[in-house]
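# An overview of the molecular structure
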Amino acid sequence: MEATTFVLFGATGDLARRKIYPALYNLFLDHKLHNSFAVIGLGRREVTDEAYQAMVERSLRDFSRREVKDTASVRSFLKAFRYNVLDVGHTEDYVKLLERVEQVETGMGSTPNRMFYLSVGPEFFEPIALNIEASGLGAAKGWKRLVIEKPFGHDLQSAQELNLTLSKAFTEEEIYRIDHYLGKPMVQELDVFQQTNPVLHALWNNRYIANVQITAAETVGVEERAGYYDHVGALRDMFQNHMLQLLMMLAIRLPKDSSADEVRFKKREVMEALEPLDEANIEASVIRGQYTAGAIKGIPVPGYRSEAGISAGSMNDTFIAARLQIDDPFWKGVPFYIRTGKRMKEKSTRIVIEFKEPLKQSSTVEEDDIPNLLVFEISPNEGITLQLKARDPRNKGKFKAVHIDFHTSSIEVPEAYENLIHDALNGDPSFFAHWNEVELSWKWVQPILNAFAGNSVPLYSYAAGSHGPAESDQLLAQDGHHWWLDAPVDEASEITLPDASNF
Ligand code: NAP
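What you are looking at is a predicted structure, and each value in this text was computed from that prediction instead of being measured. (Residues numbered from 1 in each chain as written. Predicted model: local features only at pLDDT ≥ 70, side-chain atom pairs only at ≥ 80, totals over all residues. Heavy atoms only, no water.)

## Quick notes on the nonpolar core
In this structure, Phe6, Phe9 and Phe239 are the most contacted members of the largest nonpolar core, which totals 147 residues. For this core, the element with the most residues is helix α10 (residues 233–251), which contributes twelve residues. Every residue in contact with Phe6, bar those within four places of it in the chain, is listed here: Ile20, Leu24, Phe37, Ala38, Val39, Ile40, Met115, Tyr117, Ile421 and Leu425. (Core = buried A, V, L, I, M, F, W, Y, C linked by side-chain atoms within 4.5 Å. Buried < 20%, exposed > 50% of the residue type's maximum accessible area, 1.4 Å probe, protein only. Helix = DSSP H or I, 4+ residues; strand = E, 2+ residues; numbered from the N terminus. Contact = heavy atoms within 4.5 Å.)

## Overview of the site of the ligand
Residues in contact with the ligand amount to 20 residues; listed here are only the nearest, Thr12, Arg18, Arg44, Arg45 and Val120. Within the backbone of Gly13, one N or O atom sits 3.0 Å away from an oxygen atom of the ligand. Separating a nitrogen atom of the ligand from a side-chain N or O atom of Asp87 is a distance of 3.4 Å. The dominant element in the shell around the ligand, judged by the number of residues it contributes, is helix α1 (residues 14–29), at three residues. The residue makeup of the shell around the ligand, split by class, is seven nonpolar, six polar and seven charged. (Near = heavy atom within 4 Å. Polar contact = N/O pair within 3.5 Å; in protein donor to acceptor, adjacent residues only side chain to side chain. Nonpolar A, V, L, I, M, F, W, Y, C, P; charged D, E, K, R; others polar.)

## Regarding the sheet that holds strand β1 (residues 4–9)
With parallel pairing, six strands are arranged side by side in an open sheet as β3-β2-β1-β4-β5-β6. Edge positions in the open sheet fall to β3 (81–85) and β6 (175–178), since each of these has one partner strand only. The sheet shows a mean angle of 20° between the axes of neighbouring strands, taken without regard to direction. With five bridges joining them, β1 and strand β4 (residues 114–118) adopt parallel strand pairing. Its bridge partner lying in β4, Thr5 is registered against Arg114. (Pairing = 2+ DSSP bridges. Axes fitted to C-alpha atoms, helices over the stretch in contact; angles between N-to-C directions.)

## So, the pairing of β6
Burial of β6 is two-sided: the residues Ile175 and Arg177 facing one way and the residues Tyr176 and Ile178 facing the other way are all buried. Note: strand β5 (residues 144–149) against β6, four bridges, orientation parallel. Looking across to β6, one finds that Leu146 is bridged to Ile175. Handedness of the crossover joining β5 and β6 through helix α6 (residues 156–166) is recorded here as right-handed. (Right-handed = clockwise from strand over helix to strand, strands pointing away.)

## Thoughts on the UniProt feature "domain: Glucose-6-phosphate dehydrogenase NAD-binding" (unreviewed entry) in the chain
Mapped onto this structure's residue numbering, the UniProt feature "domain: Glucose-6-phosphate dehydrogenase NAD-binding" (unreviewed entry) falls at residues 7–188. The distance separating the terminal C-alpha atoms of residues 7–188 is 27 Å; by composition the span is 46% helix and 16% strand. (UniProt positions renumbered as here; feature names shortened; annotations may be inferred.)

## Here's the deal with a nonpolar patch on the surface
A surface patch of nonpolar side chains, amounting to about 210 Å² of accessible area, comprises Leu388, Val402 and Ile404. In this structure, Ile404 sits in strand β16 (residues 399–407). (Patch = residues over 30% accessible without salt bridge, like charges linked within 9 Å, V, L, I, M, F, W, Y side chains within 5 Å. Areas by Shrake-Rupley, 256 points an atom, 1.4 Å probe, with all protein chains shown as cover. Salt bridge = Lys/Arg side-chain N within 4 Å of Asp/Glu carboxyl O.)

## Things to note about the environment of Ile132
Looking at the secondary structure, you find Ile132 in helix α5 (residues 125–135). Residues Ile132 and Leu98, spaced 34 residues apart in sequence, show a C-alpha to C-alpha distance of 9.1 Å. If near-sequence neighbours (up to four positions away) are discounted, Ile132 is found in contact with Phe9, Tyr94, Phe116, Leu137, Gly138 and Phe170.

## Some details on the packing of aromatic side chains
Evaluation of the coordinates by the stated rule reveals 20 aromatic pairs. For the ring pair Tyr25 and Phe77, a centre distance of 5.3 Å and an interplane angle of 65° mean the geometry is edge-to-face. Placement of the pair is Tyr25 in helix α1 and Phe77 in helix α3 (residues 71–78), with a sequence separation of 52 residues. Each residue in the set Tyr21, Tyr25, Phe28, Tyr52, Phe77, Phe81 and Tyr83 is aromatic and connected to the rest through ring pairs, giving one cluster. Sitting over the ring of Phe330, Arg253 keeps its end group 4.1 Å from the ring centre. (Phe/Tyr/Trp six-rings, centres within 6.5 Å; stacked < 30°, edge-to-face > 60°. Lys NZ or Arg CZ within 6 Å of the ring centre and 35° of its normal.)

## Some words on the sheet that holds strand β14 (residues 373–379)
Strand pairs in the sheet, formed through backbone hydrogen bonds, run parallel or antiparallel to each other. Judged by pairing direction, the sheet is mixed, and its nine strands sit side by side in the order β16-β15-β14-β13-β7-β12-β11-β8-β17 without closing on themselves. The two strands at the open ends of the sheet, each matched to only one other strand, are β16 and β17 (459–463). Shown here is a sheet whose adjacent strand axes are inclined to one another by a mean of 20°, direction ignored. Inspection of the sheet shows strand β7 (residues 209–217) paired to strand β12 (residues 336–341) by six bridges, in the parallel sense. The partner of Ala216 across the bridge, within β12, is Thr340. Along the sheet face, helix α15 (residues 470–477) touches β7, β8 (286–292), β11 (319–324), β12 and β17 and points at about 10° away from the line of β11.

## Description of the environment of Met238
Topologically, Met238 is positioned in helix α10. Given the relative accessible area of 8%, Met238 is considered buried. Distance from Met238 to Thr340, taken between C-alpha atoms, is 7.2 Å for residues 102 residues apart in sequence. Excluding residues that lie within four positions of it along the chain, Met238 makes contacts with Tyr181, Ala216, Met243 and Thr340.

## Some words on helix α7 (residues 185–196)
Under the 1.5 Å per step criterion, the end-to-end length of α7 is 16 Å for twelve residues, consistent within 8% with the ideal 16 Å. Within the sequence span of α7, burial applies to Met186, Val187, Gln188, Leu190, Asp191, Phe193, Gln194 and Gln195. If you follow the buried residues of α7, they end up packed against α8 (198–203), α10, β13 (348–355), β14, β15 (383–391) and α13 (416–426). (Expected span 1.5 Å × (residues − 1).)

Here it is in C-alpha cells:
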C-alpha cells in the first residue's frame, strides 16, 4: 500500500456513509491502509472538518461490520478526514480543492498519489473528470486513479460517450469501475475454487455440465427509487452489469495464479463468445415480467403500477429471465439461465450448476430427481454446497441427496467494498469491470432494450412473493430443465394481514 490522498466526491451521501467509511475503517483496523492516508470529503453542504469527522464516526457506529469499541483507534482513524465544499459545476472549487490536496500532501511528506472516488450521480462523472484534468488535480507526480460506481451509461451509445469523455482525463488503467458483486467473497471464489480443485476443473465444461442457473432475487419493491427505477428496469439495473459479470466469472477458465490482465482477457473472450440475440429470437429466449399485487412473508404488497411514483400504464420490467449460450469449445450447448427480479419470494443471489447424468437412461433402478448440483450461495448467506446422490439404506431401491457443505456464516469475512477499495488502492484491477466488458455487455443487451422499448415482446405478470412469471419456468421446461432450490410459494390462504395496532 502506498501513501494516498483519497478525494471523495459525494462525501455526505448514502453510499459513503453506509459502505465507504465502514470499509475504510475495517481496512484501517486490519492495518491495510498506509500510515500516510488522507481523505478529503466533498459536497455542496457547508460542513466543518470536525462535523465531518463526527458524521463519519456516526456512520461507523451505524454500519461497520465490526463494532466501534476502541475510541482511541477511532480517533486515530478520524484524524485522516477533512472536508471541502465543492459544487461539481463550479470550476473555482476545484482550484481550492487542489490547494487543500497539496497542503495535505505536503503535511504527509510523501509522493502524491491521488484516488478520486465518485460517489455521486452518474450525470456528474463527466464534468468531474474534465475538471480534475483542467484544474491540474490530475497532474500529481505519483499515480492517479478514478473510481466510479455503476451505472456506466444508460445504453450502448451513452456508455460509449461516457467512456470517451472519461478517457480525456484518465487512461483505462487508471479507471476502476465498481460492480460491487465482483467484491463479494463468494464471487471472488468462483474461479479460484474451480482452479484449485482438479476434480471440478476437469468437470468445468459441456461434457459434464447440463446447465447453469444464476438468480438474483429481491423481496423489496422500488422503495424510494421509483422515479429512477421506472426509467431503468431490471435489465439495466441488474442484468447488464451484475448478472453478466456473474456469468463471466463462472464461465472463465483460468490457469492458476492468473494476472489481472489474464482475468480480463478471459472475461472478454466469454462476452465475445456469447451468442447474440436478434429481434426475431428475443421472445423465445427472454422473459420480461412486472409484479402485480401479492404478499411477501404473508404481508400484502401492492402491484408495481400501484406503487407511489410509478405511472399507471408503466411497461417497465421488474423481472427478467433469459437463456444465454456461449459459443466456445467449453460451453457450447450448455444453457445459462439468468433471472433477476423485485418482489420475489425470497432474497437470494445464487448460482446452481447442474451436472449431466449420462448413466441415468440405462439405469434399471428407480431413481429420484436428485442430480449432482454445485451451489454457490452469494448472498445473503455465503457458502458452497455439493449435492451428491447415495442409496438410502432404510429404503431399498431409493436414493437420497447427500450434501457436502462449506458455509462461512460463522467466519468474519470482509465486505465487498472493503475488498474493492483495498484492491483499488493497491492498483489491482482484477475485480473491476474493464471497458471492454462493459461495452460488450451493452452490445449484447441493446437488442433486448430495443425490443422492450418497442414493446415487441410480451410483458408477463407475476404475483409479488412468487418466483416470477410462469413463462420463466417454461423457458427451462422447454429444454427439459427446471429452476432448482426455489422455496415453495405461500398459498393465498396463508396471507396474514398486518397487525392493525401497528397503524
Ligand atoms: P446520495 O445519497 O443522493 O448522495 C449524493 C452525494 O452527492 C451527496 O454527498 C451530495 O452532497 C453530492 N452532490 C449532489 N449534487 C452535487 C453537486 N452538484 N456537487 C457536488 N456534490 C453533489 O447518493 P448515493 O446513494 O450516495 O449514490 C451515489 C452514487 O453511487 C450514485 O451514482 C448511485 O447510483 C451509486 N450507488 C449507490 C448505492 C447505494 O447503496 N447508495 C449503491 C450502488 C451505487 P451535497 O448534497 O452536500 O452536495
